[in-house]
Amino acid sequence: MTALGTVTAHPVIGAGAQVPIASQHVGGATSPYEAATLESPLVANALDVRSALRETIRVLRADWRRHYGEEMNLAATLPEQAPTRAEAAPRTQAERDAQASIAHGIACMRELSEQWERLLSDPEVAELLASASTARARVLRQAIALVRAVDGAEGEASMRGRSASPHAQATRLGPVDALVRHAARRSRPLTREEQATIAAAANHVTQARGSQSPAVRLGEGRPGMQLEAGEDHAVLDAVLQIRIRQARRELDAGLVLNEKMRELVAAATPAVLAGAPILLIGETGGAKTALAEYLAGLEGEAHEFVSGYGDITGAQIVGTHELRAVGDATVTEFAPGPLLRAMQRGVPIILDEINAMPPEFLKRLNRVLQLRPGSRFAVQEQPGLTIEIASGFVVLATANEYSPHRYRGIEPLSTELVNRFGSATFRVHYPDAGANIEDVPAENLLLAAAVVAGPDGSMPPGLGLAELTPLARAAFISQQVFVGNPDEALDRYRGTEHEFDEQPGLAETVIAPRTLAAVLEGVMLQGGASALTGAMERFVDGVMHTEDRAVLRLILAGQGLLR
């Protein structure tokens, strides 16, 4: 049976590199006694109580801070006999809901605290928890060794709770990246010695990865992860939690940095820092805009943003004259638009969906794309005004794939315009592009896990990796059908007329990364795991294209996601 219809016990969701055996780094695997301790029902129950208590306190503190505008005094609130806070009667439904939620949180916190105290007072449970703590520490040391072997110190920082910069996490060669960034900012080529240093570092990383044991691989599209004899599955679980925790932080910052995204960031960074324009092309919902915003934030500055739509004018982007009252008189003043503001301030500007912008502006854009920091720009809208472009200015453009039957209002970009971007044109593919259809879609699964996971990387009840895998697989299949992947395993999702016309089996709708995240965010708001099937039913019912609705229903039903 193919992986299109199966769910593996340990799906792959990592960073796309081989990992050495843990025991090669940290004195051997977890002992059988320690493994049994970690799997003890008593320990599992106690740890569930502790986890629920921590989560309740975290959410309660956040709700308290937002509602009352002050930090919650946990010591004063926890006792059952604690006095009730005196406050005015709620005036709105939102205030009543907030007070009800806080009251419920306090009651749950007290109940869970009592359960935890009762568990600790039991000598057997206390002894097992102490042994479990030792075993857990050993597992974490092994997991950290695995992550460090792939990601370096950033992975360990993520595990220990130190919040590394998402932009720092995108690089893998450490200090040598500084050479590339510095040369790019100075718009100068790398010296021969710098090139030799970078090549040597890249070669060292390649050799190190090649020498690692193939026993454990993260994120290479395999149906599952197999551990050699003596390795503890608890180590694998800890590594997965590290990965999910890091992905959750990246998602909160705007972009999950899977292996393909890291490669795109590394390739585009020198051009961005040098002020050379960037063009990101791809299908809808594939994170083009998120990637552009990520690149715009490389230097930590705010950026300008223009969303392309058919009736936008060049004057709105460059600048226009406005009437303003000055005393008793009305005067006309020139107001710089986002393009001029970006030039003057020395910040990036994102032109989102430029192939939806009018041709008259794109003609003017040809000239803008030739400019670099230090160039002078004559403003047609304000005769006599010439500005010098400040350092830090760069154009980051996104464009949907040209497909008249799919994206309305989209025009093909002229060869003249595309040539202005030179080699800084990047195609942004959907997650898991190029993976075998029978593999677990690691990158879609990592995104799904990041959406529902807690800040520590823990998964909510009923929405673990096993439950999310069918949804990730459905998203992956829909993406591959949408882009026209000719794999025979997808033939059932393409009708005869589509095969004859050589058209994809999905014309307009796809479970893109953006859609996948939105669906799961809604599921978490509606009650978690129990709401997943209903959410998918509503998603399919909302598809306007009749044939797309039938194909998506077939895909989702094949993964057991519909009633």
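For every chain, the first residue of its written sequence is number 1, and the numbers climb from 1 along that sequence. Thresholds applied to this predicted model are a pLDDT of at least 70 for local features of residues and 80 or more for the giving and counting of side-chain atom pairs; totals over whole chains, interfaces and linings are not thresholded and use all residues. No hydrogens and no water enter the side-chain calculation; it runs on all heavy atoms of the structure.

Colleague: Could you give an account of the overall build of the protein chain, naming the residues involved and the relevant values?
Modeller: Put simply, DSSP H or I for four residues or longer makes a helix, DSSP E for two residues or longer makes a strand, and each gets a number counted from the N terminus. The helix and strand tally for the protein chain stands at 22 helices and 11 strands. Between buried and exposed lies partly exposed: a residue is buried under 20% and exposed over 50% of the maximum accessible area for its type, with that area taken using a 1.4 Å probe on protein chains only. Here the protein chain holds 563 residues, and 47% of them are scored as buried. Here the accessible surface of atoms and residues is derived via Shrake-Rupley with a 1.4 Å probe, and residues count as covered only by protein chains that are part of the display. As presented, the protein chain carries roughly 27,300 Å² of accessible surface, and 52% of it is formed by carbon and sulfur atoms.

Colleague: How would you summarise the pairing of strand β6 (residues 329-336) if you had to cite specific residues and measurements?
Modeller: Pairing between strands is defined by DSSP: at least two bridges between them are needed. Looking at chain direction, strand β5 (residues 319-326) and β6 are connected through eight bridges and run antiparallel. Counterpart to R324 in the pairing with β6 is V331. Between β5 and β6, which pair antiparallel in sequence order, lie two residues; one of them, G327, sits at a positive phi of approximately 65 degrees.

Colleague: Residue-level account of the side chain of T269, with values.
Modeller: Of note, T269 is situated in helix α11 (residues 259-274). Overall, the relative accessible area of 12% leaves T269 in the buried class. Polar contacts, as counted here, are pairs of nitrogen or oxygen atoms within 3.5 Å of one another; within protein the pair requires one atom able to donate a hydrogen and one able to accept it, and residues that are adjacent in sequence qualify only if both atoms are side-chain atoms. A polar contact of 2.6 Å, which involves the side chain of T269, links it to the backbone oxygen of V265. Here, two residues are considered to be in contact whenever any of their heavy atoms come within 4.5 Å of each other. Beyond its immediate chain neighbours, meaning those up to four positions away, T269 contacts R181 and L298.

Colleague: Let's hear about the nonpolar core: which residues, and what values?
Modeller: Here, nonpolar core refers to any group of buried Ala, Val, Leu, Ile, Met, Phe, Trp, Tyr and Cys residues whose side-chain atoms link them within 4.5 Å. Residues L468, L516, L520, L532, M536 and L556 are the most contacted members of the largest nonpolar core, which totals 52 residues. For this core, the secondary structure elements donating two or more residues are α10 (233-253), α17 (442-452), α18 (465-482), α20 (513-525), α21 (532-541) and α22 (546-558). Per-element accounting of this core gives the leading share, 10 residues, to α18. Sequence-distant contacts of L516, that is, excluding residues within four places in its chain, are made with N444, L447, A448, L471, A475 and I511.

Colleague: An account of unusual backbone geometry is requested, with residue identities and associated values reported.
Modeller: Note: most peptide bonds trans; most residues except glycine with negative phi. Even without being glycine, A287 reaches a positive phi, approximately 80 degrees. Assessed through its relative accessible area of 23%, A287 is described here as partly exposed. Unlike most non-glycine residues, E353 shows phi in positive territory, near 60 degrees. Its location among the elements puts E353 in the loop between β7 (348-352) and α15 (359-368).

Colleague: Account for the pattern of salt bridges, with residues named and values stated.
Modeller: Each reported salt bridge corresponds to a side-chain nitrogen of Lys or Arg within 4 Å of a carboxyl oxygen of Asp or Glu. Here the structure, examined in full by the defined rule, presents 15 salt bridges. One salt bridge connects K260 with E443, and the closest N-O pair in it is separated by 3.4 Å. Of the two residues, K260 is situated in helix α11 and E443 in helix α17; the sequence distance between them amounts to 183 residues. Accessibility expressed as a relative area gives 15% for E443, which makes it buried. Within the structure, one salt-bridge network assembled from shared partners comprises E304, R341 and R345.

Colleague: Can you lay out the environment of V256 for me, pointing to particular residues and giving the numbers?
Modeller: Here V256 lies in the loop between α10 and α11. It is 7.0 Å that separates the C-alpha atoms of V256 and L447, two residues lying 191 residues apart in sequence. Setting aside residues no more than four positions away along its own chain, V256 makes contact with A247, E250, L251, M261, L446 and L447.

Colleague: Report on the packing of aromatic side chains, specifying residues and quantitative values.
Modeller: Only Phe, Tyr and Trp rings are paired, with Trp represented by its six-membered ring, and only when their centres lie within 6.5 Å; those with planes under 30 degrees apart are stacked, over 60 edge-to-face, the remainder tilted. This model, assessed by the stated rule, comprises two aromatic pairs. Note on W64 and Y68: the rings are 4.7 Å apart at their centroids and 55 degrees apart in plane angle, and the pair reads as tilted. With W64 and Y68 both in helix α2 (residues 41-68) and four residues apart, the pair spans about one turn of that helix. What makes W64 buried here is its relative accessible area of 8%.

Colleague: Please set out the sheet that holds strand β4 (residues 304-307) residue by residue, giving values where relevant.
Modeller: Pairing in this open sheet of five strands is parallel, and the strands run β4-β7-β10-β3-β11 from one edge to the other. One side of each edge strand has no neighbouring strand; the edge strands of this open sheet are β4 and β11 (425-428). The sheet shows a mean angle of 15 degrees between the axes of neighbouring strands, direction not considered. Here an angle of 0 to 180 degrees is reported between the N-to-C directions of two axes, which are lines fitted to C-alpha atoms, with helices fitted over the stretch in contact.

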